[in-house]
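Examination of the molecular architecture
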Amino acid sequence: MKTDVSKFSEFRKYYLSEFEWFDGEEYITFNLVGIDLEKGEAQVAVTDRGKISVITYDLMTDKNGRLYFEYGAMYTRIYPDDFEEAA
């Protein structure tokens with residue numbers, strides 16, 4: 001079985017990283033659980049007001065070539081590039 005090293009490296013770049021986003025009232029924490037570039041999906045653990053949900057989002061690419069997924073009613077763009085290693 002052949003493994004595509006570039007895709008594996010891309011996944012490791014983001015694996016278990018964390019991002020906090022302020023929605024105007026509360027901070028929402030995103031923890032990246034997995035990325036499947038072939039399917040164009042990101043699996044994310046979202047902590048929102050004390051509730052933790054694991055959600056699969058469709059990955060999209062903006063005009064600059066950056067990957068992102070959309071969150072919430074306003075379809076806010078969340079970029080995996082902005083995630084940092086959890087302490």
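First, a word on scope: everything that follows refers to the structure included in this document. Only a predicted model underlies this, so the values are computations on that prediction, with no experimental measurement involved. (Residues numbered from 1 in each chain as written. Predicted model: local features only at pLDDT ≥ 70, side-chain atom pairs only at ≥ 80, totals over all residues. Heavy atoms only, no water.)

Overview of the nonpolar core
Counting residues in hydrophobic clusters, the biggest one holds 15 residues, and the most contacted among them are Phe30, Val44, Val46, Phe69, Tyr71, Ile78 and Phe83. Listed by contribution, the elements that provide at least two residues to this core are β2 (27–36), β3 (41–48) and β6 (67–71). No other element matches the four residues that β2 contributes to this core. Residues in contact with Phe30, not counting those within four places in the same chain, are Ser17, Glu18, Phe19, Trp21, Val44, Ala45, Val46, Phe69, Tyr71, Ile78 and Phe83. (Core = buried A, V, L, I, M, F, W, Y, C linked by side-chain atoms within 4.5 Å. Buried < 20%, exposed > 50% of the residue type's maximum accessible area, 1.4 Å probe, protein only. Helix = DSSP H or I, 4+ residues; strand = E, 2+ residues; numbered from the N terminus. Contact = heavy atoms within 4.5 Å.)

Examining the side chain of Asp62
Locating Asp62 in the fold gives a position in the loop between β5 (60–61) and β6. It turns out Asp62 is buried and unbridged, and the closest side chain with the opposite charge, Arg77, is 4.6 Å from it. Engagement of the side chain of Asp62 in a polar contact is seen with the backbone nitrogen of Asn64, the distance being 3.0 Å. A polar atom in the side chain of Asp62 sits 3.1 Å from the side chain of Tyr79. (Lys, Arg positive; Asp, Glu negative; His and termini not counted. Salt bridge = Lys/Arg side-chain N within 4 Å of Asp/Glu carboxyl O. Polar contact = N/O pair within 3.5 Å; in protein donor to acceptor, adjacent residues only side chain to side chain.)

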